[in-house]
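The residues making up each chain are set out below.
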Amino acid sequence: MSARARVPFVDLHPGDDAAAVARAITRVVASGWYVLGPEVEQFEAEFAAACHAPFAIGVASGTDAIALALRALDIGPGDEVIVPAMTAAYTAFAVIAAGARPVIVDVEAATLTIDPDACADAITARTRAIVPVHLYGQPADMTRIRQLAQRHALAIVEDCCQAHLATADGRPVGTDADAAAFSFYPTKNLGALGDGGAVITSRAPLVDRIRRLRNGGQTARYQHLEAAGHSRLDELQAAVLRARLPFVAGWTARRRELAALYRRELPPSVQPIEERDPGHVYHLFPVRVAERDALQSHLAAAGVETLIHYPVPLTEQPAFAAYEPFHCPAAAEASRTLLSLPLYPRLADANAAAVAHEVGAFRKGSQPA
Ligand SMILES: *Cc1c(COP(=O)(O)O)cnc(C)c1O
C-alpha cells in the first residue's frame, strides 16, 4: 500500500547553488587570506541589504550573535533577560554567556512563539531585555512585544536563527529591534558549510562594540580594551554564504509551496501549527498529534525521517534548574505532541505527498496497530 519512499528529514547537498559554492571556495583558497577579510566585509554588506538593515556583523554562531548583542547593550551580571520555554536551548545559553539570568516564560498555545502576557508577568526591576524567537520561521507577536518593551524601557534582541528573510506584519524581522541574531548552521534557511552567525542592527554604536567583542576586545591590533574571545565568521564560510544568499528568496518560496501542500494533503488527525503571519519562512513544519511517538515510529518504518522540535522544553532541562521557578504549561504540552515533518527546498512534491499519505495511513487499518 505505502510508497515506502525514503524521505530524509533534510538534504544538505548543494543543488542549484553548487557551482556558485564551488567557485566561492576556490576563490578564498587562492586568496591566501582566511579570517576577517574582504569576503566577510562584503557578506556583511550584502546580508544587511537582504535584511533591510543598516548594519550586519558576522560572528561565529547564532548563539554568539545573541550573546554579543546582549553584551554590546551592556546587559550582563545582575540583569534578567526574558526568553521563551519552547526554543533551541542556545537562546537561553546565550543569555547565560552574556552573564545575565534567563527568565523562561511560556509560549502561545497556537503558534508556540513567546506569549506577550507571560512576558508582562515576568518583568521585574532587574529585567533589561526580551529575546523573542521566531520559532520554526514564524514571527513572534512583535507588535505587542514592542509595546511592552517601550513601556518598561527594555531592549529587544530578536532570535532570527530560524527566520532568514521572514517578515512580521510586512516588516523584515529584526529591523525594529535593538539587534537581531541569525545562525548559518548548515540546516538553517541560509546555511554555511560549518558554523556561522550574524547580528543585524540599526544602532551604529553597537556595530563597533560587536566588532570588538568578536575579536579579542581589540580596538586596534594588540590593543585590548575589554576582555573577549574569538567569535569570527571565517572567509570561507562568508564566501559560501555570499554564493547562497541570492538563492534564499527562491528557496523560501519553495518552502512555502511545500507547507501549503502539507496543509492541503494532511489528514485532520494531525494539526499543523497555525500560520498567523504570511511572512512565515517555514524553517520547520511541525504538526501536533496525540499519538506522537506511535506516528513517528510508523513513519520511520515507512522510510520517512522526522524529528521533534523540541522534545524537552527549557523548563525541564537540567541545565536551567538554577533558574526556577517556571510556569510554562503550553510549552510542556507541546513538547509531548509535536512532530516535525521533512520540509526543505529540495524535497519533491511527490515525496511530500507521500509523507502526507503515510500520515493518513497511520491507524487506518492498512498498518498493524
Ligand atoms: C540554531 C538556533 C540557535 C543557535 O544557533 P547556532 O548557530 O547553532 O549557535 C539559536 N536559536 C534558535 C531558535 C536556533 O534555531
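## Considering the overall build of the protein
Here is step 1: Counting its secondary structure elements, the protein contains 12 helices and 14 strands.
Here is step 2: Taking 21 Å as the expected radius of gyration for a compact globule of 369 residues, we find that the protein reaches 21 Å, a close match to that expectation.
Here is step 3: With the principal axes as the frame, the protein shows a C-alpha extent of 70 × 55 × 35 Å.
Here is step 4: When the accessible surface of the protein is split by element, carbon and sulfur atoms take 53% of a total near 15,300 Å².
Here is step 5: In the protein, 34 positive and 40 negative side-chain charges are present, and the distance between their average locations comes to 2 Å.

## Considering the packing of helix α2 (residues 38-51) against helix α8 (residues 235-244)
Here is step 1: Orientation of α2 relative to α8, taken along the N-to-C sense of each, is 40°, at an axis distance of 8 Å. The way α2 lies across α8 gives a crossing that is left-handed. On α8, the residues that touch Pro38, Glu39, Val40, Gln42, Phe43 and Glu46 of α2 are Glu235, Ala238, Ala239, Leu241 and Arg242.

## Some thoughts on the environment of Val103
Here is step 1: Here Val103 lies in strand β3 (residues 101-105).
Here is step 2: For Val103, a relative accessible area of 18% gives the class buried.
Here is step 3: In this structure, Val103 is in contact with Glu80, Val81, Ile82, Val83 and Ala122, ignoring residues within four places of it in sequence.

## Let's talk about the site of the ligand
Here is step 1: Near the ligand you find 14 residues, and of these Gly62, Thr63, Asp159, Ser183 and Lys188 are the closest.
Here is step 2: In this structure, Thr91 approaches the ligand through a side-chain N or O atom, which is 3.4 Å from a nitrogen atom.
Here is step 3: Contacts to the ligand include Ser183, whose side-chain N or O atom sits 2.6 Å from an oxygen atom.
Here is step 4: Compared with its free state, where it exposes 380 Å², the ligand has 92% of that area covered by protein.
Here is step 5: Listing elements by their share of the shell around the ligand, those giving two or more residues are α3 (62-72) and α4 (90-97).
Here is step 6: Classifying every residue of the shell around the ligand gives 4 nonpolar, 8 polar and 2 charged.

## Things to note about the side chain of His164
Here is step 1: Turning to its location among the elements, His164 is positioned in the loop between β5 (155-159) and β6 (167-168).
Here is step 2: Judged by its relative accessible area of 1%, His164 falls in the buried class.
Here is step 3: Only 2.8 Å separates the side chain of His164 from the backbone oxygen of Ser183, close enough to count as a polar contact.
Here is step 4: Ignoring anything within four residues of it in the chain, the contact list for His164 reads Phe182, Ser183, Phe184, Lys188, Asn189, Leu190 and Val281.

## Brief notes about the environment of Arg71
Here is step 1: Tracing the backbone through its elements, the reader meets Arg71 in helix α3.
Here is step 2: Put simply, Arg71 and Ala97 are 26 residues apart on the chain and 9.1 Å apart in space, counted from C-alpha to C-alpha.

## Concerning the domain arrangement of the protein
Interfaces are often sized by the amount of accessible area the parts lose when they come together.
Here is step 1: You can read the domains of the protein as domain 1 (18-105 + 112-246) and domain 2 (248-366).
Here is step 2: Taken over C-alpha atoms, the centre of domain 1 sits 25 Å from the centre of domain 2.
Here is step 3: Across the contact, 37 residues belong to domain 1 and 33 residues belong to domain 2.
Here is step 4: Both faces considered, domain 1 and domain 2 share a buried interface measuring about 2,900 Å² in area, 63% of it formed by carbon and sulfur atoms.
Here is step 5: For domain 1, the biggest contributors to the area lost against domain 2 are Tyr136, Gln138 and Asn189; these three give 26% of the whole.
Here is step 6: Where domain 1 packs against domain 2, one counts 0 salt bridges.
Here is step 7: Counting across the domain 1 and domain 2 interface gives 17 residue pairs in polar contact (both at pLDDT 80 or more).
Here is step 8: The element contributing the most residues to the side of domain 1 that touches domain 2 is β3, with 4 residues.
Here is step 9: Split into classes, the residues belonging to the side of domain 1 that touches domain 2 amount to 23 nonpolar, 9 polar and 5 charged.

## A word on helix α7 (residues 204-213)
Here is step 1: Buried within α7 are the following residues: Leu206, Val207, Arg209, Ile210, Arg212 and Leu213.
Here is step 2: Close packing links the buried residues of α7 with β1 (55-59), α3, β8 (179-183), β9 (197-201) and β10 (218-220).

## Comments concerning the nonpolar core
Here is step 1: Grouped together as the largest cluster of nonpolar side chains are 51 residues, with contacts concentrated most on Leu70, Ile75, Val81, Met86, Leu112, Tyr136 and Ile210.
Here is step 2: Only β1, α3, β2 (80-84), α4, β5, β8, α7 and α11 (329-337) provide two or more residues apiece to this core.
Here is step 3: In terms of residues, this core owes the most to one element, α3, which gives 7 residues.
Here is step 4: Each of two domains, domain 1 (18-105 + 112-246) and domain 2 (248-366), supplies a minimum of three residues to this core.
Here is step 5: When sequence neighbours within four positions are dropped, the list of residues in contact with Leu70 reads Ile75, Val81, Ala94, Val95, Ala98, Ala129 and Val157.
Here is step 6: Within the second largest apolar cluster, 43 residues are counted, among which are Val40, Ala56, Leu233 and Val281.

Thresholds applied
- Residues numbered from 1 in each chain as written.
- Predicted model: local features only at pLDDT ≥ 70, side-chain atom pairs only at ≥ 80, totals over all residues.
- Heavy atoms only, no water.
- Helix = DSSP H or I, 4+ residues; strand = E, 2+ residues; numbered from the N terminus.
- Rg over C-alpha atoms; globule rule 2.2 N^0.38 Å.
- Areas by Shrake-Rupley, 256 points an atom, 1.4 Å probe, with all protein chains shown as cover.
- Lys, Arg positive; Asp, Glu negative; His and termini not counted.
- Charge placed at Lys NZ, Arg CZ, Asp CG, Glu CD.
- Axes fitted to C-alpha atoms, helices over the stretch in contact; angles between N-to-C directions.
- Left-handed = near helix turned anticlockwise from the far one by under 90°.
- Contact = heavy atoms within 4.5 Å.
- Buried < 20%, exposed > 50% of the residue type's maximum accessible area, 1.4 Å probe, protein only.
- Near = heavy atom within 4 Å.
- Polar contact = N/O pair within 3.5 Å; in protein donor to acceptor, adjacent residues only side chain to side chain.
- Nonpolar A, V, L, I, M, F, W, Y, C, P; charged D, E, K, R; others polar.
- Domains from an automatic or database assignment.
- Buried area = accessible area lost by both parts, 1.4 Å probe.
- Salt bridge = Lys/Arg side-chain N within 4 Å of Asp/Glu carboxyl O.
- Core = buried A, V, L, I, M, F, W, Y, C linked by side-chain atoms within 4.5 Å.

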